[in-house]
Amino acid sequence: GDSVTQMEGPVTLSEEAFLTINCTYTATGYPSLFWYVQYPGEGLQLLLKATKADDKGSNKGFEATYRKETTSFHLEKGSVQVSDSAVYFCALSDLTGNQFYFGTGTSLTVIP
Amino acid sequence: DAGITQSPRHKVTETGTPVTLRCHQTENHRYMYWYRQDPGHGLRLIHYSYGVKDTDKGEVSDGYSVSRSKTEDFLLTLESATSSQTSVYFCAIRLGQLYEQYFGPGTRLTVT
């Protein structure tokens, strides 16, 4: 079945460091891929998305590229800020759109 | 803001008691979802609905039932709560051609 595997945390970075959070998936066909962010005490917010191979999703300085050949959708940001501290979830939607599969989440802490 | 509210936001209940959580949306979205979030598991789908009185099971549906008698409300019921159902419960709606989902603020349920 469909599934998402993302890098274990927690991750601690200094402000202005480069961020990569790895995400790989297993799915039939070409699923849609997403990154969500969850700030403490809140629900999940959609961060970015991509629907087909080589698509690049971007938002708030974060980017992720849909790589069909490596079944990956790694999240990157060139310079993190303290306000980026949160839990990040990779997710995919199956071909029907009825089922979403989430990774286990990666906690990011950015220190000044 | 997808206009999703959840109630209650926090609840403590005893083992064996019935519990109903409510998800309310204001924008007539057809698809609604219930997830639970637990450490180390990310979010897991409990049930979803694709219209009034149309529902289907997700990955972790045992011990839960749902009802949707009108478009705006999707109810999750624990018929006899157990300690293993202590969790944070999120409701979501689906919109867009990319099947992206938008989440409510969550309900923290503790079963003692």
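Residues numbered from 1 in each chain as written. Chains lettered and ligands numbered in written order. Predicted model: local features only at pLDDT ≥ 70, side-chain atom pairs only at ≥ 80, totals over all residues. Heavy atoms only, no water.

> Residue-level account of the overall build of chain A, with values.
Check the secondary structure of chain A and you find zero helices and twelve strands. For chain A, whose C-alpha radius of gyration is 13 Å, the value lies close to the compact-globule estimate of 13 Å for 112 residues. Oriented by its inertia axes, the alpha-carbon framework of chain A measures out at about 40 × 30 × 20 Å. In chain A, which comprises 112 residues, the proportion classed as buried is 46%. The long-range fraction of contacts in chain A, counting pairs at least 24 apart against all pairs at least 6 apart in sequence, stands at 55%. Carbon together with sulfur atoms contributes 49% to the accessible area of chain A, which is approximately 5,000 Å² in total. Treating the 7 positive side-chain charges of chain A as one cloud and the 12 negative ones as another, the clouds have centres 7 Å apart. (Helix = DSSP H or I, 4+ residues; strand = E, 2+ residues; numbered from the N terminus. Rg over C-alpha atoms; globule rule 2.2 N^0.38 Å. Buried < 20%, exposed > 50% of the residue type's maximum accessible area, 1.4 Å probe, protein only. Contact = heavy atoms within 4.5 Å. Areas by Shrake-Rupley, 256 points an atom, 1.4 Å probe, with all protein chains shown as cover. Lys, Arg positive; Asp, Glu negative; His and termini not counted. Charge placed at Lys NZ, Arg CZ, Asp CG, Glu CD.)

> Run through the overall build of chain B, naming residues and quoting values.
A count of helices and strands for chain B gives zero helices and eleven strands. Walking chain B from its N terminus toward its C terminus, one meets helices and strands in the order β-β-β-β-β-β-β-β-β-β-β. Here chain B has a C-alpha radius of gyration of 13 Å; the compact-globule value for 112 residues is 13 Å, and the two agree. With the C-alpha coordinates of chain B rotated into their principal frame, the extents come out at 40 × 30 × 25 Å. Across the 112 residues that make up chain B, the buried fraction comes to 50%. The long-range share in chain B, meaning contacts at least 24 apart out of those at least 6 apart in sequence, stands at 54%.

> Just give me the short version of the interface of chain B and chain A, but keep the residues and values in it.
Counting residues at the interface gives 22 residues for chain B, matched by 23 residues for chain A. In total, about 1,700 Å² of surface goes out of reach between chain B and chain A, with carbon and sulfur atoms giving 55% of it. Linking chain B with chain A are one salt bridge. The residue Glu100(B) makes a salt bridge to Lys49(A) at a minimum N-O spacing of 3.0 Å. Linking chain B with chain A are six residue pairs in polar contact (both at pLDDT 80 or more), by the criterion used here. Counting residues per element, the ones that place at least two in the side of chain B that touches chain A are β4 (32-38), β5 (42-51), β9 (87-95) and β10 (100-103) of chain B. (Buried area = accessible area lost by both parts, 1.4 Å probe. Salt bridge = Lys/Arg side-chain N within 4 Å of Asp/Glu carboxyl O. Polar contact = N/O pair within 3.5 Å; in protein donor to acceptor, adjacent residues only side chain to side chain.)

> Break down the state of the cysteines for me, with residues and values.
Defined simply, a disulfide is a covalent bond joining two cysteines at their sulfur atoms. Residue and element names in this part refer to chain A. On inspection of all chains with the given rule, the structure shows two disulfides over all chains. Residue cysteine 23 pairs covalently with cysteine 90 via a disulfide, S to S 1.9 Å. Residues cysteine 23 and cysteine 90 share a disulfide whose torsion about the S-S bond is about -65°; that sign makes it left-handed. Here cysteine 23 is found in strand β4 (residues 23-26), whereas its partner cysteine 90 is found in strand β10 (residues 86-93), with 67 residues between them in sequence. (Disulfide = S-S within 2.5 Å.)

> Pulling in residues and values, what's your account of the side chain of Thr106(A)?
Residues and elements named next belong to chain A. Relative to the assigned elements, threonine 106 resides in strand β12 (residues 106-111). You can call threonine 106 buried: its relative accessible area is 0%. Of note is the side chain of threonine 106, whose polar atom sits 2.9 Å from the side chain of glutamine 6. A polar contact of 2.6 Å, which involves the side chain of threonine 106, links it to the backbone oxygen of methionine 7. In contact with threonine 106, other than residues within four places in its own chain, are Gln6, Met7, Gly9, Val11, Ile21, Ala86, Val87 and Tyr88.

> An account of the layout of surface pockets is requested, with residue identities and associated values reported.
Space inside the largest pocket adds up to approximately 530 Å³. For the largest pocket, the lining is made up of 26 residues, of which Gln38(A), Gln37(B), Val88(B), Phe90(B) and Arg108(B) are closest to its centre. Elements supplying a minimum of two residues to the lining of the largest pocket: β10 of chain A together with β4, β9 and β11 (107-111) of chain B. Among the residues making up the lining of the largest pocket, the classes are represented as ten nonpolar, twelve polar and four charged. (1 Å grid on protein atoms, 1.4 Å probe; cavity = no way out; pocket = protein on both sides within 12 Å on 5 of 7 lines; lining within 4 Å. Points joined across faces, edges and corners; volume = space filled by probe spheres on them. Nonpolar A, V, L, I, M, F, W, Y, C, P; charged D, E, K, R; others polar.)

> Account for the pairing of strand β1 (residues 4-7) of chain B, naming residues and giving values.
Residues and elements named next belong to chain B. Covered by surrounding structure in β1 are Ile4 and Gln6 only, the residues Thr5 and Ser7 on the alternate face being uncovered. Across four bridges, β1 lies against strand β3 (residues 19-25) in antiparallel orientation. Bridge assignment links threonine 5 to a residue of β3, and that residue is histidine 24. (Pairing = 2+ DSSP bridges.)

No statement about biological role is implied by the geometric values presented.
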